[in-house]
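# Understanding the architecture of this molecule
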Amino acid sequence: MSKKIFDRRNFIKTTALASAGIILSTGCKDDNNPESRFENYTEALVIGTGFGGAVTALRLGEAGIKTTMLERGQRWVLTPEGNTFSPLAFPDKRSAWFETENIAPLNPFGISPTFERYAGVLERVRYSGMDVYAGAGVGGGSLVYGGITIAPEKPLFTQVFPSEIDYDELASVYFPRVIQMLGASPIPDDLLNDSEYFEFVRVHVEHAQNVGLPIEYFASAYNWDIIKEEIAGTIPASAINGDIIYGVNSGAKKSLDHNYLPQAEATGNVTIKPLHQVKDIEQVDDGYYRINVEMIDVDGTVLAESAFHCKYLFMGAGSIGTTKILMRSKGKGYLPNINDTLGKGWGSNGATMSVRSLLPTNTGARQSSPSSSAAYDFNNDISPTVLDMANYPLGTECNCLIYLGLTLDSNRGYFDYNPSREDIDLVWNNNNIPKSAIDNLLDRMNVVNGGQSGSIFILPETKDDLTYHPLGGAVMGETCDWIGRVKGYDNLYVMDGALIPGSTACANPSLTIAGLAEKNIETILNEDILV
Ligand code: FAE
């Protein structure tokens, strides 16, 4: 497919130049050639290597378009010894993006070593009333995510997304395309039914079914065969130790650096530049873009400042990263035409974290396997709710279950730009809907199954002031059109979570972000880039 597109594209270009009589002889300087006009020029440039960025780069590369990807974080290469990423049990500097201690919201082992600031994989941004987590590194959020690859339900999706976004098209074409690309699949029966590592999942399912909730065994971006090898002891254990949020050393996690990104590089058209942190962007002569970049060392030292240039610029730095770069660029007067909806429409995906403890059943000492099932509570009196499981690999029985819950929260915040710090601040007023909805569900589960909500040792009460799912900031239909074109500018696109209107409707966001990116880049290639 890519060869055909490439040939057609070159044909159109050549024909257009020939008919204009401007084909140049070899050796003659071409003042119209952006490669000779601009430093570090590529036709397309993608900022960030997470879901939106990786999908975009692969499709650009397949279409024969020279593309540079700028990524602030490191490239993490798996070693046979299984020691690339920080272990969960004893987090070190590799676990956190320029922090000095463990940043995970739960700390099963109670060990809090301090370490030096380093370009680790998980970022925590502390805003007033909301802590936001995101991935940093080649692969973005996929390095740290749980692999939950789940589509929103249509009745909820249509409450959040405008009618211009065709759910049926996403569900029939683009979600399956992403699932196939990732190689995501549901948990196999033998692991689910027999493995001690999944005992907590079996208890979760039973407790949810006891209160009448349907269960979905969703596609998970894990290689279950590698998990079986870990369990058999033929390779060093990692996923089964609960090493999920700092990266999985065994290769069991099918993060983007195992699929979209290497395939993009294999086109020969895509180059990834790690440790390149974008500061801001400007539109320069003839509508080309200049991207101002700091090249950093793993300790955060700025080694050099540099500029890249492109014709087509794709924002894939995630909800916070993209919003920050665009607001800084607008605030500095570089992109004045972006409208005043920029920075608005941000949501936490109604995310929560909670615990049920003192359960009368054993839940397993090794609550460490990747998440595999979700319980649906769509008739919850407060908000539709979906309950996923989180890891808690304590190594000893805790008679507890840890949940990540998602709710349909319409609460939205916005960002203010602070020119002196050249940074953005979230304005967020918690409405307690997510916590109330989850507590409503947990109370029902406790009445039927026993146990209580919260644990003084783990998490005293449900938290809804942190999120792994930042969404919005440059929202579709507001700052951007329906496919991510930034209003007021040609050839500038938002491809990531910043485009999402604050929620992915009780689903974990990666599939929705990646599915929309697949749809949008297809349209952009056909309508704007004319390959
Ligand atoms: P994202 O994947 O965050 O990628 C943005 C990229 O841009 C990153 O690589 C950044 O390092 C890079 N970047 C940022 N600023 C700059 C800059 N200035 N210059 C250069 N590069 C920059 O964006 N979602 C699910 O669907 N299922 C899960 O199981 C799940 N588990 C999660 C677990 C954790 C601990 C976390 C934090 C998130 C989880 N998520 C999960 C959310 C998911 O990772 C997130 O929605 C997507 O990764 C967002 O994709 P984006 O393309 O928006």
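Not measured: the values here are computed from a predicted model.

The next subject is the environment of Lys463. Locating Lys463 in the fold gives a position in the loop between strand S18 (452-453) and strand S19 (466-467). When the C-alpha positions of Lys463 and Trp346 are compared, they lie 18 Å apart, and in sequence the two are 117 residues distant. When near neighbours in sequence (up to four residues on either side) are disregarded, Lys463 contacts Ala351, Thr352 and Met353.

Next up on the list: the sheet that holds S19. Pairing in this open sheet of three strands is mixed, and the strands run S3-S4-S19 from one edge to the other. What marks the edges here is a single partner per strand, and that holds for strand S3 (122-127) and S19. Inspection of the sheet shows S3 paired to strand S4 (residues 130-135) by six bridges, in the antiparallel sense. Each bridged residue has a counterpart across the sheet, and for Arg126 the counterpart in S4 is Asp131.

Under the defined criterion, the tally for this structure stands at 16 aromatic pairs. Ring centres 5.1 Å apart and planes at 80° place the aromatic pair Tyr376 and Phe378 in the edge-to-face group. The class of Phe378 is partly exposed, set by a relative accessible area of 30%. By way of ring pairs, the aromatic residues Tyr127, Trp346, Phe415 and Trp428 are connected into one cluster. Above the ring of Trp97, the side-chain terminus of Arg72 is found at 4.8 Å from the ring centroid. Sitting over the face of the ring of Tyr118, Lys93 holds its NZ or CZ atom 4.5 Å from the ring centroid.

Right, let's get into the state of the cysteines. Disulfides are covalent bonds that link the sulfur atoms of two cysteine residues. Applying the stated criterion to the full structure yields one disulfide. One disulfide in the model links Cys398 with Cys400; its S-S distance is 2.1 Å. In this structure the cystine formed by Cys398 and Cys400 twists about its S-S bond by roughly -85°; its chirality is therefore left-handed. Cys400 shares its class with Cys398; the two are buried. Unpaired in this structure, Cys480 has its nearest cysteine sulfur neighbour in Cys310, at a distance of 16 Å.

The next thing to look at is the pattern of salt bridges. Applying the stated rule across the entire model yields 28 salt bridges. For Asp423, the salt bridge identified is with Lys324, shortest N-O distance 3.7 Å. Within this pair, whereas Asp423 is found in strand S17 (residues 423-427), its partner Lys324 is found in helix H10 (residues 318-331), the two being separated by 99 residues in sequence. Here Lys324 falls in the partly exposed class, since its relative accessible area comes to 23%. With a shortest N-O distance of 3.2 Å, Asp465 and Lys463 are connected by a salt bridge.

Our next topic: the packing of helix H5 (residues 167-182) against helix H12 (residues 510-529). It is the contact of H5 with H12, at a shortest axis distance of 9 Å, that shows an interaxial angle of 105°. Judged by the inter-axis angle, H5 sits roughly perpendicular to H12. The residues of H12 that touch H5, namely those facing Glu169, Leu170, Tyr174, Phe175, Arg177, Val178, Ile179 and Met181, are Leu511, Thr512, Ala514, Gly515, Leu516, Glu518, Lys519 and Glu522. Its residues assigned to classes, the contact of H5 with H12 comprises nine nonpolar, two polar and five charged.

By secondary structure assignment, the location of Ala232 is in helix H8 (residues 224-232). Along the backbone, Ala232 and Asp528 are 296 residues apart, and their C-alpha atoms lie at a distance of 51 Å.

The predicted model of the protein chain averages 93 in pLDDT, with 94% of residues at 70 or higher. Low confidence marks residues 1-29, where pLDDT is under 50. Its contacts with residues over four positions away, or in another chain, come to 21 contacts.

Ile281, Ile291, Leu313 and Phe314 are the most contacted members of the largest nonpolar core, which totals 98 residues. Ignoring sequence-local partners within four residues, the contact set of Leu313 consists of Leu45, Ile47, Ile281, Tyr289, Ile291, Asn491, Leu492 and Tyr493. Val201, Val205, Trp224 and Ile240 belong to the second-largest nonpolar core, a separate cluster that totals 30 residues.

Successive side chains on a regular strand alternate, one facing one side of the sheet and the next facing the other. Both strand S1 (residues 41-47) and strand S11 (residues 302-315) contribute to a ladder of six bridges, which runs parallel. Directly across from Tyr41, in S11, lies its bridge partner His309. The loop that links strand S10 (residues 289-296) with its antiparallel partner S11 comprises five residues; one of these, Gly300, has a positive phi angle of about 95°.

So, about the environment of Lys154. With respect to the helices and strands, the residue Lys154 is situated in helix H4 (residues 154-160). Looking at Lys154, the relative accessible area reads 36%, which means it is partly exposed. When the C-alpha atoms of Lys154 and Asp168 are compared, they prove to be 8.2 Å apart, with 14 residues separating the residues in sequence.

Where helix H7 (residues 199-210) meets helix H11 (residues 433-449), the closest approach of the two axes is 9 Å, and the angle between their N-to-C directions is 95°. Here H7 lies roughly perpendicular to H11, going by the angle between them. Of the residues in H11, those in contact with His207, Ala208 and Asn210 of H7 are Met445, Val448 and Asn449.

Another aspect to go through is H5. Helix geometry: H5 is bent most strongly at Tyr174, by close to 35°, with proline Pro176 lying one to four residues after it. Within H5 the residues assigned to the buried category are Tyr167, Leu170, Tyr174, Phe175, Val178, Met181 and Leu182. Each element contacted by the buried residues of H5 is listed here: helix H3 (51-62), strand S5 (148-149), H4, helix H9 (260-266) and H12. Sitting at the head of H5, Asp166 places a side-chain oxygen 3.0 Å from the backbone nitrogen of Asp168.

Definitions and limits used
Every chain's residues receive numbers from 1 upward, in the order its sequence appears when written. Local features are withheld for residues below a pLDDT of 70 in this predicted model, meaning they are given only at 70 or higher, and side-chain atom pairs are given and counted only at 80 or more; totals for whole chains, interfaces and linings count all residues. The basis for the side-chain values is all heavy atoms of the structure; hydrogens and waters are excluded. By definition, any uninterrupted DSSP run of H or I lasting at least four residues is a helix, any uninterrupted run of E lasting at least two residues is a strand, and each is numbered from the N terminus. Whether two residues are in contact is decided by their heavy atoms: any pair within 4.5 Å suffices. Here, any two strands with at least 2 DSSP bridges between them count as paired. Any two of the Phe, Tyr and Trp rings considered here, Trp counted by its six-membered ring, make a pair once their centres fall within 6.5 Å; the pair's planes then place it as stacked at under 30 degrees, edge-to-face at over 60, or tilted in between. Exposed residues in this analysis have more than 50% of their type's maximum accessible area, buried residues have under 20%, and partly exposed residues fall in between, with area computed by a 1.4 Å probe over protein chains only. Each ring is checked for a lysine NZ or an arginine CZ that lies within 6 Å of its centre and within 35 degrees of its normal; such an atom marks a charge sitting over the ring. Throughout, disulfides are identified as pairs of cysteine sulfur atoms within 2.5 Å of each other. Only one rule defines a salt bridge in this text: a Lys or Arg side-chain nitrogen within 4 Å of an Asp or Glu carboxyl oxygen. Here an axis means a line fitted to C-alpha atoms, over the contact stretch when the element is a helix, while the angle between two N-to-C directions is reported on a 0 to 180 degree scale. Note that the term roughly parallel is reserved for angles under 35 degrees, roughly antiparallel for angles over 145, roughly perpendicular for angles of 65 to 115, and oblique for everything else. Ten residue types, Ala, Val, Leu, Ile, Met, Phe, Trp, Tyr, Cys and Pro, are classed as nonpolar, four, Asp, Glu, Lys and Arg, as charged, and the remainder, Gly among them, as polar. Each residue carries a pLDDT score, the predictor's own confidence in it, on a scale running from 0 to 100. Definition used in this section: a nonpolar core is a set of buried Ala, Val, Leu, Ile, Met, Phe, Trp, Tyr and Cys residues joined via side-chain atoms within 4.5 Å. To obtain the bend at a residue, axes are fitted to the seven residues ending there and to the seven starting there, and the angle between these axes is taken. Two N or O atoms count as a polar contact when they lie within 3.5 Å, although within protein this holds only if one can serve as hydrogen donor and the other as acceptor, and sequence-adjacent residues are included solely when both atoms are side-chain atoms.

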